[in-house]
Amino acid sequence: MRQNIELKTSRRSFWLWFLQRVSSVGLIIVLLVHMLAWHYINPPELTHVEVSKRLGESIFFATVEALLIGFVMFHALNGVRNVVYDYFPKPGTRKIVSILLLVVGIALFVWGTFVLFRLVFGG
Ligand code: HEM
């Protein structure tokens, strides 16, 4: 039983460690595409009206921004979790912080993605 819990915890630690690296590579790629699409190649005027118009024109722009939100949310909040784990050894504190970060991350990702895709599909 105890061994099972330890195995589960170390598997989870590995996957979070691995995804921290994957999300940092994802961030580099998506940030590059974001900079090119919004600031270098035929950039729109950066006003609310023009930005909303462009987001509504093609699913490409909204998808890039949704990926950016996804990678940065996972990367930043999992990073905060790592820092918390370094300073707080109590399992109860760690669990509460992990759940809070998970809820905040999912809520912000769903909200951001919803706003972006509402501009694409209307409604
Ligand atoms: C292109 C952008 C980024 C790259 C390439 C990158 C890369 C990395 C890598 C490789 C790590 C793991 C370090 C380790 O475990 O030793 C890391 C950790 C971390 N990153 Fe990023 N990162 C980027 C952007 C960001 C952003 C935008 C945030 C916050 C808004 C952020 C917050 C963190 C935090 C809090 C950690 C954990 C630090 C720790 O474990 O001590 N990163 N980053």
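Residues numbered from 1 in each chain as written. Predicted model: local features only at pLDDT ≥ 70, side-chain atom pairs only at ≥ 80, totals over all residues.

Enquirer: Please provide a residue-by-residue account of the overall build of the protein chain, values included.
Expert: Each helix and strand counted, the protein chain has four helices and zero strands in total. The C-alpha atoms of the protein chain give a radius of gyration of 18 Å, which is well past the 14 Å a tight globule of 123 residues would have. Looking at the protein chain as a whole, 7% of its 123 residues are labelled buried. Considering only intrachain contacts with a sequence separation of at least 6, the fraction spanning at least 24 residues in the protein chain is 77%. (Helix = DSSP H or I, 4+ residues; strand = E, 2+ residues; numbered from the N terminus. Rg over C-alpha atoms; globule rule 2.2 N^0.38 Å. Buried ≥ 20, exposed ≤ 12 C-beta atoms within 10 Å, placed from the backbone. Contact = placed C-beta atoms within 7 Å.)

Enquirer: Any chance you could break down the environment of Val83 for me, citing the residues and the numbers?
Expert: When you line up the elements, Val83 lands in helix α3 (residues 59-87). The class of Val83 is exposed, set by 10 C-beta atoms lying within 10 Å. For Val83 and Leu16, which are 67 residues apart along the polypeptide, the C-alpha to C-alpha distance reads 13 Å.

Enquirer: Explain the site of the ligand to me, using residue names and the numbers behind them.
Expert: What surrounds the ligand is a group of 13 residues, the closest being Ser24, Leu27, Ala76, Gly79 and Asn82. Secondary structure elements with two or more residues in the shell around the ligand: α1 (2-40) and α3. If you tally residues by element for the shell around the ligand, the top one is α3, at seven residues. Per-class residue counts for the shell around the ligand are seven nonpolar, five polar and one charged. (Near = placed C-beta within 6 Å. Nonpolar A, V, L, I, M, F, W, Y, C, P; charged D, E, K, R; others polar.)

Enquirer: Please set out the packing of α1 against α3 residue by residue, giving values where relevant.
Expert: The N-to-C vectors of α1 and α3 enclose an angle of 145 degrees; their axes lie 8 Å apart at closest approach. The two elements α1 and α3 cross, and the hand of that crossing is left-handed. Here Leu16, Leu19, Gln20, Ser23, Ser24, Gly26, Leu27, Val30, Val33, His34 and Ala37 of α1 lie close against α3, whose contacting residues are Phe61, Val64, Leu67, Leu68, Phe71, Val72, Phe74, His75, Asn78 and Gly79. (Axes fitted to C-alpha atoms, helices over the stretch in contact; angles between N-to-C directions. Left-handed = near helix turned anticlockwise from the far one by under 90°.)

Enquirer: An account of α1 is requested, with residue identities and associated values reported.
Expert: Here α1 is 39 residues long and its end C-alpha atoms lie 55 Å apart, about the 57 Å a rise of 1.5 Å per residue gives. Just past α1, the residue Asn42 takes up positive phi, approximately 50 degrees. (Expected span 1.5 Å × (residues − 1).)

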